[in-house]
Structures are given as C-alpha cells and as structure tokens.
Amino acid sequence: MNPLPAAMLVRGTLLHFLADPGANDDAAAWQYIEDGALFIQDGRIRHCGPWHDVLAALPTLSRESARYFDYRGKLILPGFVDAHVHYPQLRVMGSFGRQLLDWLEHYTFPAEASFADRSVAEKTSAFFLDRLIAHGTTTASVFPTVHAHSVDAFFEAAQARNLRMLCGKVLMDRHCPENLRDTAQSAWDDSRALIARWHGKARLRYSVTPRFAPTSTEAQLKVAGELFASAPDLHLQSHLSENQRELAWVGELFPGRANYLDVYAHFGLIGPRSIYGHGIHLDAGERTRLAETGTALAFCPSSNLFLGSGFFNFHALSQTGVSISLASDVGGGNSLSTLRTMAAAYQVSQAQHHALSPWRAWYLATLGGARALALDQFIGNFTPGKEADFVVLDATAIPELAFRWDFAESVADRLFALMMLGDERCVAATHVLGNCVYLNKA
Ligand code: GUN
Ligand code: ZN
C-alpha cells in the first residue's frame, strides 16, 4: 500500500455535486469552479473552493509544505463509480450474437469456470483494477465468481491499491454448470468466512451476491437473506428484470410470487444497501416498491443495448424516486469507460423521448453512484472529510472533442460534448486517497 502524502494542493477546474440536480437542473445541486483548488490532508478533502479562497484559508506552513499538482485547463471530478461490473467477464466482453440466457451459457459460465484456478483470479483482479483506474473509476460494486478465492484475490488486489470497493462471493446452486455450483450450506459457510476476513477491512465492504433468482434454490435465497441480516452494514447485489425470457422463467420458477421483485422481497433481499442491475421490465408497483424500500438500481445502458435486453426507463424510475447509478456491467457491457456509459445512457433515454441532461449524467457517475451504493458518507464529492479519490479529465486528448469544445456555448454544452465524445483517452490522471495512481502518458 502506498503511504499517504501528508498534504496536497491541487489546482484545476472543479465539478462536484451536493445533491441530485433532478429533472430541472437545479443549479444549487452542483459546484463548478473554473479556477478551483482542493487541499488534501491524510487522504481526505480538507478544503474545496476557488483557488484564491483556498490559499487564503491555509496557514503559510501548510501552503508551502503541500505537494502541488497543477491541472489547470483540465476538469477535476470525484472518481467515477461503476455500480455493477463482473471482473471475471473481462475475457468475454464483446462476444457475438447472443441474448442474456444463451450468452450466460455460451460465453460467461465457461469463462467463470476457469476461475477455479486461483492464479487466474489473481492475474485478472490485478489487470481489472489497473484498467478501472486508467478509466478514472475508483469505486465499483464487483461480481467475482462462485469460488471463494475469487473474492480473496479481488480484495487483496483492491487493498494493495487502497481502493474503496464492494464485492462478495457469487451464490448459485442450480441452473448452471456443475463446476460452478455451490450449495445453500457452502454459500453460508464460505460467505461467513469471507465476511469475517474482509468486511470493513481497509476500504473494503462485503456485498452478499446471489447471482439472480433463477440460479438459486429457495433454500439458498433464504440463506442469502440471513447473510444480509447477519452483520451491520453488509451490502447486497444481484440482477433484476433484465430480459423477457428471464422474466418468464422467474414466473415459472416462483409461481407464488406477485412479480420478479417480490421474489427478492420475500427472502429479505431488498432495502437499504441493496442494489440490482438492470430493472428494465418493471411495472409501476415494482418501481414504487423499489423507491419505498430504498432499493437501488444500476442502469447499465451499454450492456442492455449489447445484449438486446431493452431500454431502462430512467424517466419513470427517477420520477418515482428510485436511487439510480450508472454501471458498465462488463462483460455484458463493452467498455469500462464511464464516459461511454454516460453516452449510452443518453441514447437510451433519448430513444424514449427523454433527454438526460449533462448535469444529471455527471451526478449519476459520481455522487449518484456513491449514494446508490450507500457509500456517500465516504466518497462521491469534495465536501470536507470525504476521501480524496478523483479523476482529472482532459478534453483536448481527442481532436474532434477539442474542436467541438472550442465551439461550445456554455459549461453545460461542454460537459455534454465531453460525455458524448469522450472516453478513457480523456483520463489524464487518477488519484486515490490523494495519491496519483495513474498518469496518462499518451
Ligand atoms: N444475470 C445473471 N447473471 C448475469 C450476468 O453475469 N450478466 C448479466 N448482464 N446479467 C446476468
Ligand atoms: Zn451483471
């Protein structure tokens, strides 16, 4: 683990959010500071504001002894949050021609089976986290495989990089290949041991991870509910209502339940600190229940387009008050870039005749993600006391974007161009707890 730099002063254009700007772009929700500064001590934000104000607030000694990072001309934002991603699926991202259930069987399960070898999990975790950082993502809610050591390998790699991460062993005891199956009992035993080993250690938290309703028996879903309730501040992640065939299958497997969400509710798997990927084919009652119970959704637009799953109804879900974040869902998604996820989110919303505003999109990528993962007491913006994870974006890294940027008519127009035309080439640097952990040499 890198030692924390004692004090740092960072100069550049700052953008962070204090609240959800909502459907009407409430300007009180964000701070955009053209010539801004962050003063960071022991890995935490101490001051955030206009450069001259921050300097004036600092004692001479602090100012002179601080390490200085000059990012003028670049945009500094809280590190991106990817609220739903599968690290073992990096090796199958961009695989041709299948929809969810066939895609799982044909590409995903064989890829995950190779993680029976711990060294595969170790190598992939290191590569995955290094690539996340290169994309400006500093926090993620991560699916490993059914193998307990896939969690150990991931958390070891995350701890070595000082990252704030969520992960937890995938639970699945039916409707999957024999070599990827656990049992209700081993799900309990392995998860309890992993929780004892990792939950609350460094910046890591454990997320109980039943893959999705079709791959767990009722006995295992009951265990998942008991696990979720078994220790304070545990998280939970799974999949909900992604694909029509999946939806029909859930109806057949759980005939006694009112709808897909009701299956999870029945086993105690919804509520604060729970997040579900997708949530495309939901009815109004399910949307209300998500909002009322504080159950979050991860909007995975590139994955939904890639797998032909459908369009996430951001407008209806946000109007109902559901907590929503953005996610790549790699390997269903075809990029780790949050900028590309934002562009896809705009396109999916636009296809339903609702234009997602740049302010709302940048909120979702940062504070919205932190809130949906219930990690906003630690990360998500630059208010004093928060952990100093941030990304530095350079719009001049892509010639067409730089050209377009010069013609932009407003800050909102620039931010929109950046999310629509940008990608990981725009990530100039990534900092974790203040430390510069990635510098783009291109
Ligand atoms: N539903 C159950 N498992 C998965 C998965 O690995 N990816 C996606 N996109 N959906 C799922
Ligand atoms: Zn997923």
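Residues numbered from 1 in each chain as written. Chains lettered and ligands numbered in written order. Predicted model: local features only at pLDDT ≥ 70, side-chain atom pairs only at ≥ 80, totals over all residues. Heavy atoms only, no water.

**Let's talk about the overall build of the protein chain**
Then, in step 1: For the protein chain, the helix and strand inventory stands at 16 helices and 16 strands.
Then, in step 2: Along the three orthogonal principal directions, the C-alpha set of the protein chain runs to about 65 × 45 × 40 Å.
Then, in step 3: Per-residue burial for the protein chain yields a buried fraction of 61% across its 442 residues.
Then, in step 4: Residue pairs in contact within the protein chain that sit at least 24 positions apart in sequence constitute 75% of those at least 6 positions apart.
Then, in step 5: When the accessible surface of the protein chain is split by element, carbon and sulfur atoms take 51% of a total near 16,200 Å². (Helix = DSSP H or I, 4+ residues; strand = E, 2+ residues; numbered from the N terminus. Buried < 20%, exposed > 50% of the residue type's maximum accessible area, 1.4 Å probe, protein only. Contact = heavy atoms within 4.5 Å. Areas by Shrake-Rupley, 256 points an atom, 1.4 Å probe, with all protein chains shown as cover.)

**Brief notes about helix α7 (residues 218-228)**
Then, in step 1: Residues of α7 that are buried include every one of Q220, L221, V223, A224, G225, L227 and F228, and no others.
Then, in step 2: Tucked into the core, α7 has its buried residues touching β8 (170-171), α6 (184-198), β9 (204-210), β10 (235-240), α9 (260-266) and β11 (274-278).

**A few points about the site of ligand 1**
Then, in step 1: Ligand 1 sits among H86, Q89, L100, W103, L104, R211, F212, H239, E242, H278, L307 and D329.
Then, in step 2: Q89 places a side-chain nitrogen or oxygen 2.8 Å from an oxygen atom of ligand 1.
Then, in step 3: Within the side chain of D329, a nitrogen or oxygen atom sits 2.8 Å from a nitrogen atom of ligand 1.
Then, in step 4: Here ligand 1 has 270 Å² of accessible area as a free molecule, and 100% of this is covered by the chains.
Then, in step 5: Of the residues assigned to the shell around ligand 1, the class counts are five nonpolar, four polar and three charged. (Near = heavy atom within 4 Å. Polar contact = N/O pair within 3.5 Å; in protein donor to acceptor, adjacent residues only side chain to side chain. Nonpolar A, V, L, I, M, F, W, Y, C, P; charged D, E, K, R; others polar.)

**What about the side chain of R164?**
Then, in step 1: Relative to the elements of secondary structure, R164 occurs in strand β7 (residues 164-167).
Then, in step 2: Given the relative accessible area of 6%, R164 is considered buried.
Then, in step 3: Polar side-chain contacts of R164 include one of 2.8 Å to the side chain of E387.
Then, in step 4: Sequence-distant contacts of R164, defined by excluding residues within four places in its chain, comprise T138, T139, A140, R203, R205, L375, F378, I379 and E387.

**Digging into the coordination of the zinc ion (ligand 2)**
Then, in step 1: Only H84 (NE2), H86 (NE2), H239 (NE2) and D329 (OD) from the protein reach the zinc ion (ligand 2) as donors, at distances of 2.0 to 2.3 Å.
Then, in step 2: Around the zinc ion (ligand 2) sit four donor atoms; with metal-centred angles ranging over 92 to 165°, the donor geometry is irregular.
Then, in step 3: In terms of primary sequence, the donors binding the zinc ion (ligand 2) are separated according to H-x1-H-x152-H-x89-D. In this pair, H84 sits in strand β5 (residues 80-86) while H239 sits in strand β10, placing the two residues 155 residues apart along the sequence. Exposure class is identical for H84 and H239. Each is buried. (Donors = N, O, S within 2.8 Å, 3.2 Å for Na, K, Ca; no water. Tetrahedral: all angles 85-135°; square planar, octahedral: opposite > 155°, others 65-115°.)

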